[in-house]
Amino acid sequence: MTELLTYLQRQKSTGFILIRDGEVLVQAAWPAPQDAPMFANLTYGVTSDGVLLEDVASQQKSFIAVLVGVAVDRGLLDVDAPVSRYLGEGWSRASADQEARIRVIDLLTMSSGLDEHFAYVAPAGSVFFYNTPVYAITKDVLTAATGQPLEAITRDWLTTPLAMSQTAWRQRPAALASVGNATGLVTTPQDVARFGLMILNNGLAENGTRVISQGQLDALFEPSGANPAYGRLWWLNGGDYVIRAQGERDEGPLIPTAPADLVGAFGALDRRLYIVPSRRMVVVRTGAAATDRNFDQELWRRLTDAGLAAAPED
């Protein structure tokens, strides 16, 4: 355990939580690193009890995926429908015929066939390309389909049922304008853990309230045709190969040292939410970018060495 915590601190972590079988086994926090300028652009002060409020970067995508699932449950959204049903024609730079073939599900699986400037590159559904600007259109789809602001549906459908009192959408600073996603989800490790526990508990909040149906929850983690390591805005372990966010293809699973059924919400600067159903585990990490290029793999190796990731029968 000491080696694990030392490693996490050395990797510029600010928060770490590990929950197993509903019990918090590890909860640690460290001061914000002073030598990480990009990290400063993703912080929004502290809570009343001193916990850092951080923009969790692309982890937000997995929260949006859950909101999409809830919208489907409520009959407000059809993921197999073309995006233009909700946004009208001309939302991309593709031809009218090409654009008409791009469905909401293609946004969720990062296979829209568009580049970061919304120009046509490939048929929808055929190629995985981790495309944040096009992903951000999913927020517009949600607001158009529901007729409500994103802040309202997030509060009513997610953060209030889960008692995520420190979580909200915030306008990002000008320094982050180039990412093509103007709003960030600002939260704490504790709130992210509550979200993870809902996923682990089959879509139920702690008080038994159903947040998302089992069917829509399962759909989030179905491997996409274009990348077996990616579902609907969630990363998946255990596939034969992975196409990573930077575009490279690696044979084998996403994180070889982690359990095969791990699913993850990943953000820049190594913001991490890992959920492992077979171990009844939720793991959260916040902070600046880790110095270890193999952070995911090394962290899970240390979790195993500390006896925290053993299978139940072990």
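Before reading further, recall that the structure is shown in the block above.
Rules used in this analysis
Residues numbered from 1 in each chain as written. Predicted model: local features only at pLDDT ≥ 70, side-chain atom pairs only at ≥ 80, totals over all residues. Heavy atoms only, no water. Helix = DSSP H or I, 4+ residues; strand = E, 2+ residues; numbered from the N terminus. Expected span 1.5 Å × (residues − 1). Buried < 20%, exposed > 50% of the residue type's maximum accessible area, 1.4 Å probe, protein only. Core = buried A, V, L, I, M, F, W, Y, C linked by side-chain atoms within 4.5 Å. Contact = heavy atoms within 4.5 Å. Axes fitted to C-alpha atoms, helices over the stretch in contact; angles between N-to-C directions. Parallel < 35°, antiparallel > 145°, perpendicular 65-115°, else oblique. Left-handed = near helix turned anticlockwise from the far one by under 90°. Nonpolar A, V, L, I, M, F, W, Y, C, P; charged D, E, K, R; others polar.

S.K.: Sorry if this is basic, but what is going on with helix H10 (residues 189-200) here?
M.R.: Think of an α-helix as turning once every 3.6 residues; residues three or four places apart then point the same way. Helix length check: H10 (twelve residues) gives 16 Å between terminal C-alpha atoms against 16 Å at 1.5 Å per residue, within 8%. Burial runs high along H10: nine of the twelve residues are buried. Every buried residue of H10 is listed here: Pro189, Asp191, Val192, Ala193, Phe195, Gly196, Met198, Ile199 and Leu200. Downstream of H10 by one or two residues, Asn202 has phi in the positive range, about 60 degrees.

S.K.: What am I meant to see in the nonpolar core here?
M.R.: Proteins that are soluble and globular tend to have nonpolar side chains buried together. In this structure, Phe195, Trp234 and Trp300 are the most contacted members of the largest nonpolar core, which totals 93 residues. Broken down by element, this core gets its largest block of residues, eight residues, from helix H3 (residues 60-73). Excluding anything up to four places from it in sequence, Trp300 contacts Ile255, Thr257, Ala258, Pro259, Leu262, Tyr274, Val276, Met281, Val283 and Ala309. With seven residues, the next largest nonpolar core counts Leu42, Leu52, Leu176 and Leu269 among its residues.

S.K.: Before we go on, may I ask you to explain the packing of helix H1 (residues 2-10) against helix H12 (residues 295-305) in this structure?
M.R.: A pair of packed helices is characterised by two quantities: the angle between their axes and the separation of those axes. Following both chains from N to C, one finds H1 and H12 inclined at 160 degrees, their axes separated by 9 Å at the closest point. Classified by the angle their axes make, H1 and H12 are roughly antiparallel. Where H1 crosses over H12, the two elements pack in a sense that is left-handed. On H12, the residues that touch Glu3, Leu4, Tyr7, Leu8 and Arg10 of H1 are Phe295, Glu298, Leu299, Arg302 and Leu303. Of the residues contributing to the contact of H1 with H12, the split by class is six nonpolar, no polar and four charged.

Limitation: the analysis is restricted to geometry and does not speak to function.
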